[in-house]
Amino acid sequence: MVVIVPFDGSALSKTALLHAERASELYDESPVAVAVIPRHNTEYARENGWISEEETFDEETVVSHLREQVAAVDPDIDFEHLLVDRYASSGTISSRIRRFARNRGTVAIFIGSENAGHSMIGTTSVGGRVAFEGAYDIAIIRNVHPEFAGEES
């Protein structure tokens, strides 16, 4: 059983990771950061800061970059990644996160999102869709921790 954090490298996902790490003691479970990566989607990878403007998409580079970001928050947090089709929708991405959560026996998910939970019906955010699941506790982190305040969300 685990506490998971959907992780994209944003300041909010890093903040959610901090919260999950601290709360994992309450659950007596280890936190796991999980990134969902659209295959060969250079534009998406650039928008998320996973690669520079000059780089082309390389799965190893993206995974390594995300793993390093997780380790910078806390080197003891496990990191896993899931691959989806190049143009996967937010619904597809959130479905993969929910499936991952079910398969791992997740007790809680910490979601860094500015809009998850504001309007749960019809939301297009990945966080909002993941929050629909009732099998685990949900913590929605909306405010960036001061440590990450200068970073893009």
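Structure first, text after, so check above.
This write-up is about the structure you can find in this document. If you're wondering where the values come from, they're calculated on a predicted model, not measured in any experiment.

1. Quick look at the overall build of the protein
At step 1: Scanning the protein from N- to C-terminus turns up five helices and five strands.
At step 2: Reading the protein from its N terminus to its C terminus gives the helix and strand order β-α-β-α-α-β-α-β-α-β.
At step 3: Residues counted as buried form 46% of the 153 residues belonging to the protein.
At step 4: Of all intrachain contacts in the protein linking residues separated by at least 6 positions in sequence, the fraction that spans at least 24 positions is 70%.
At step 5: Total accessible area on the protein is roughly 7,900 Å²; 44% of this is exposed by carbon and sulfur atoms.

2. Considerations on helix 1 (residues 11-27)
At step 1: The terminal C-alpha atoms of helix 1 lie 24 Å apart, and with 17 residues this matches the ideal 24 Å at 1.5 Å per residue to within 8%.
At step 2: If you look at helix 1, its biggest bend is around 30 degrees, right at Glu21.
At step 3: For helix 1, the set of buried residues is Ala11, Leu12, Ser13, Lys14, Thr15, Ala16, Leu17, Leu18, Ala20, Ala23 and Ser24.
At step 4: Packed against the buried residues of helix 1 are strand 1 (2-6), strand 2 (30-38), helix 3 (59-73), strand 4 (106-112) and strand 5 (137-141).

3. Focus on the sheet that holds strand 1
At step 1: With parallel pairing, five strands are arranged side by side in an open sheet as 3-2-1-4-5. Bordering the open sheet on either side are strand 3 (78-84) and strand 5, each of which pairs with just one other strand. On average, each strand axis in the sheet is tilted by 25 degrees relative to the strand beside it, whichever way the strands run.
At step 2: In this structure, strand 1 lies alongside strand 4, joined through three bridges in parallel fashion. When the sheet's bridge partners are listed, Val3 is paired in strand 4 with Ala108.
At step 3: The strands that helix 1 touches are strand 1, strand 2, strand 4 and strand 5; relative to strand 4, the one it contacts most, it runs at about 155 degrees.

4. Observations regarding the packing of aromatic side chains
At step 1: Summed over all chains, the structure comprises one aromatic pair.
At step 2: Pairing Tyr44 with Trp50 gives two aromatic rings, centres 5.5 Å apart and planes at 70 degrees, and the pair type is edge-to-face.

5. Thoughts on the pairing of strand 1
At step 1: Within strand 1, five of the five residues are buried, which leaves it mostly tucked inside the rest of the structure.
At step 2: Here strand 1 shows a buried face lined by Val2, Ile4 and Pro6 and a second buried face lined by Val3 and Val5.
At step 3: Sheet analysis places strand 1 next to strand 2, joined by five bridges and oriented parallel. Considered in strand 2, the bridge of Val2 is made with Ser30.
At step 4: The parallel pair strand 1 and strand 2 is bridged by helix 1, and the resulting crossover is right-handed.

The rules we used
- Residues numbered from 1 in each chain as written.
- Predicted model: local features only at pLDDT ≥ 70, side-chain atom pairs only at ≥ 80, totals over all residues.
- Heavy atoms only, no water.
- Helix = DSSP H or I, 4+ residues; strand = E, 2+ residues; numbered from the N terminus.
- Buried < 20%, exposed > 50% of the residue type's maximum accessible area, 1.4 Å probe, protein only.
- Contact = heavy atoms within 4.5 Å.
- Areas by Shrake-Rupley, 256 points an atom, 1.4 Å probe, with all protein chains shown as cover.
- Expected span 1.5 Å × (residues − 1).
- Bend = angle between axes of the 7 residues up to and from the residue.
- Pairing = 2+ DSSP bridges.
- Axes fitted to C-alpha atoms, helices over the stretch in contact; angles between N-to-C directions.
- Phe/Tyr/Trp six-rings, centres within 6.5 Å; stacked < 30°, edge-to-face > 60°.
- Right-handed = clockwise from strand over helix to strand, strands pointing away.

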